[in-house]
Every structure is written in C-alpha cells, then in structure tokens.
Amino acid sequence: MSEIQSEIGPRIGDQVFEALQASILSGEYRSGDRLRIRQLAASLGTSVMPVRESLARLEAVGLVETSPHRGAVVKTFTAEELLQIYSVRRILEVEATVQGARKLDEVGRARLDEEFAAMEAALDSGDASKYLDHDEELLATIYSASGNPVLVETIRALWLRCRAYKLVGARLEIAAADTVPLLKHQRRLMDAVDVGDPAAAAEVTAESFDDAVRRIRAGLGDQAAV
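As the structure is a prediction and not an experimental result, all values here were calculated from the model. (Residues numbered from 1 in each chain as written. Predicted model: local features only at pLDDT ≥ 70, side-chain atom pairs only at ≥ 80, totals over all residues. Heavy atoms only, no water.)

Enquirer: I tried to follow the overall build of the chain on my own but got confused; where do I start?
Expert: Scanning the chain from N- to C-terminus turns up 10 helices and two strands. Mapped in sequence order, the helices and strands of the chain form the string α-α-α-β-β-α-α-α-α-α-α-α. For 226 residues, the compact-globule formula gives about 17 Å, and the C-alpha radius of gyration of the chain, at 19 Å, lands near that figure. By its C-alpha atoms, the chain is 55 × 40 × 35 Å across when sized along the principal axes. Burial statistics for the chain: of 226 residues in total, 42% are counted as buried. (Helix = DSSP H or I, 4+ residues; strand = E, 2+ residues; numbered from the N terminus. Rg over C-alpha atoms; globule rule 2.2 N^0.38 Å. Buried < 20%, exposed > 50% of the residue type's maximum accessible area, 1.4 Å probe, protein only.)

See below:
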C-alpha cells in the first residue's frame, strides 16, 4: 500500500479511506484479514485517527466488520448473506438493464465495446481485479443510461459488498484457464442491446444471476463463508 501524501484538512481522511477501500477491493486484504490500526497508519504514513475513521466508514458500507476480541477485519459473508445480496441485485439489475437498454445511445454502445475489450485484456494478463473493474463499468454504462442515478448508486453499493466473492470466483476461472464463463453473459447482453431488445437483455441479466446463485450454493454450502 502506498504512503499517503500529506495534506491539511479532511482530504487526508478521504485519501486513507480510498487507499484502504482499494486494497480491499483489489484483494490485497482478503476476507477475514485483521486490519490493525497502528500498522495501517505506519504503512500509510499518517496518524491513527484518519485510519480509525476510515475503518468506521468501511464498516458502514459493508466492507469491514468489528468485534470486541479481533478488532477490525475485512468482512466475511456467509452463503446466506451472499444469496440475500444477489437476490436484491437481481431485482435491481434486471430493472436497470431494461431501462438502460431502451435509452443507450451510440456513444454508450461504443463504450461497451471499449470495456469489453479491456475485460479481455485483463483476463489475458491474469488480472482478476481489473477484469471486475471493467465488467462493472460495462454494466454501469447500460444502467446509467436509465437516467436513474439512485438506482445505479444502490447497485454500486451492493457490488462493493460482494466484491471479495466475485474476485475469488474470477481468480478461480483464470487459474483454470477457462475464461469463457467470465465473458459469455456480457457478450450476449451487448448483442441484445445491439438489436434493441430490452426484454432479451433483461433475460441475459437474470440468467447471469441464476448462474451466480448456483455457484454460491455449490461452492460454499449453507454454512460456508467467503
């Protein structure tokens, strides 16, 4: 983790928060890892106060959890919690797909091609984190075309909460040299958008969630955690 550049004012707290969030989302800190305040402050080159405040903010968005005995750790989700998140995501993202597919313009469609190409490049280089970044931006391009920023912000918040699980899944596919599952739904989604068929696009989105739920049930079991 890089050292935070010294600045006066609340910006230091924002920098610490962004650095810690990036480290969690990239997988540098994994589910269950302890987040020791003094060690983090030393590595970031700051005092303990902005680290403590940032951990509280990360807990509020669902990336960190605290306990009396362990202190702060990267949030661990049970299979049941993941299934609940994916259930809500399915509802919201199917609706966002319908609305966005109806309104996506040529500029937005070109952006889909750019993000898809970046996804392929990330997979070729074995970078699961960058793959997820571009996957989310591809979807966000469609969802944002809906013109409903509250819907998109809510979806992004849920993406953050299950990022660790998605990262593990992408890494497993890359390690198995089988990246087809990581691209098939996006390709079909783009095809549906191309022909102006919001219903078909929504069906692809729903199928992608049904596949994800099957993977969670098969890979984690009722009591497993990620």
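Let's pick the thread back up.
Enquirer: Please explain helix H2 (residues 37–44) as it appears in this structure.
Expert: Residues spaced three or four apart along an α-helix point in a common direction, a consequence of the helix completing one turn every 3.6 residues. Residues of H2 that are buried: Leu40, Ala41 and Leu44. One face of H2 carries all of its buried residues, which in axial projection span an arc of 100 degrees. Every exposed residue of H2 that faces more than 90 degrees away from the buried side is listed here: Arg38, Gln39 and Ala42. Structurally, H2 contributes buried residues whose contacts are with helix H1 (11–25) and helix H3 (48–60). Just beyond H2, the residue with positive phi is Gly45, at close to 70 degrees. (Arc of directions from axis to C-beta. Contact = heavy atoms within 4.5 Å.)

Enquirer: When you look at the packing of helix H6 (residues 128–144) against helix H7 (residues 149–161) in this model, what are you seeing that I'm missing?
Expert: Angle between the axes and distance between the axes are the two parameters that describe a pair of packed helices. Contact geometry for H6 and H7: axes closest at 10 Å, N-to-C directions at 160 degrees. Classed by the angle they form, the pair H6 and H7 counts as roughly antiparallel. As for how H6 packs across H7, the hand of that crossing is right-handed. Contacts from Glu136, Glu137, Leu139, Ala140, Tyr143 and Ser144 of H6 reach H7 at Val152, Ile155, Arg156 and Trp159. Grouping the amino acids of the contact of H6 with H7 by side-chain chemistry returns six nonpolar, one polar and three charged. (Axes fitted to C-alpha atoms, helices over the stretch in contact; angles between N-to-C directions. Parallel < 35°, antiparallel > 145°, perpendicular 65-115°, else oblique. Left-handed = near helix turned anticlockwise from the far one by under 90°. Nonpolar A, V, L, I, M, F, W, Y, C, P; charged D, E, K, R; others polar.)

Enquirer: Explain the nonpolar core here, please?
Expert: In summary, soluble globular proteins display a tendency toward joint burial of nonpolar side chains. Grouped together as the largest cluster of nonpolar side chains are 31 residues, with contacts concentrated most on Tyr131, Leu138, Ile142 and Tyr143. Breaking this core down by element, the ones donating at least two residues are helix H4 (79–103), helix H5 (106–124), H6, H7, helix H8 (163–175), helix H9 (184–194) and helix H10 (198–220). No other element matches the eight residues that H6 contributes to this core. For Tyr131, the residues in contact, after removing those within four places along its chain, are Met119, Ala122, Leu123, Ala170, Leu182 and Gln186. Of all hydrophobic cores here, the second largest spans 18 residues; its members include Phe17, Leu35, Ala41 and Leu58. (Core = buried A, V, L, I, M, F, W, Y, C linked by side-chain atoms within 4.5 Å.)

Enquirer: Looking at this structure, how should I read the pairing of strand E1 (residues 64–67)?
Expert: Successive residues of a regular strand alternate their side chains across the two faces of the sheet. Looking at chain direction, E1 and strand E2 (residues 71–74) are connected through four bridges and run antiparallel. Opposite Glu65, over in E2, you have Val73 as the bridge partner. (Pairing = 2+ DSSP bridges.)

Enquirer: Explain the pattern of salt bridges to me, please; I cannot follow it from the model alone.
Expert: Any two side chains of opposite charge can pair, so long as their charged atoms come close to each other. Counted under the stated rule, the structure contains 18 salt bridges. With a closest N to O distance of 2.8 Å, Arg111 and Glu115 form a salt bridge. Linking Arg111 with Glu115, this pair stays in helix H5, spanning four residues, or about one helical turn. Overlapping salt bridges bring together Arg111, Glu115, Glu137 and Arg156 as one network. (Salt bridge = Lys/Arg side-chain N within 4 Å of Asp/Glu carboxyl O.)

Enquirer: How should I be thinking about the packing of H4 against H7 in this particular structure?
Expert: Between H4 and H7, the least distance of the axes is 10 Å, while the angle of their chain directions is 145 degrees. Of the two possible hands of crossing, H4 and H7 adopt the one that is left-handed. Contacts between H4 and H7 pair Ile85, Val88, Arg89, Leu92, Glu93, Ala96 and Gln99 from the former with Leu151, Thr154, Ile155, Leu158, Trp159 and Arg161 from the latter. Among the residues forming the contact of H4 with H7, the class breakdown is eight nonpolar, two polar and three charged.

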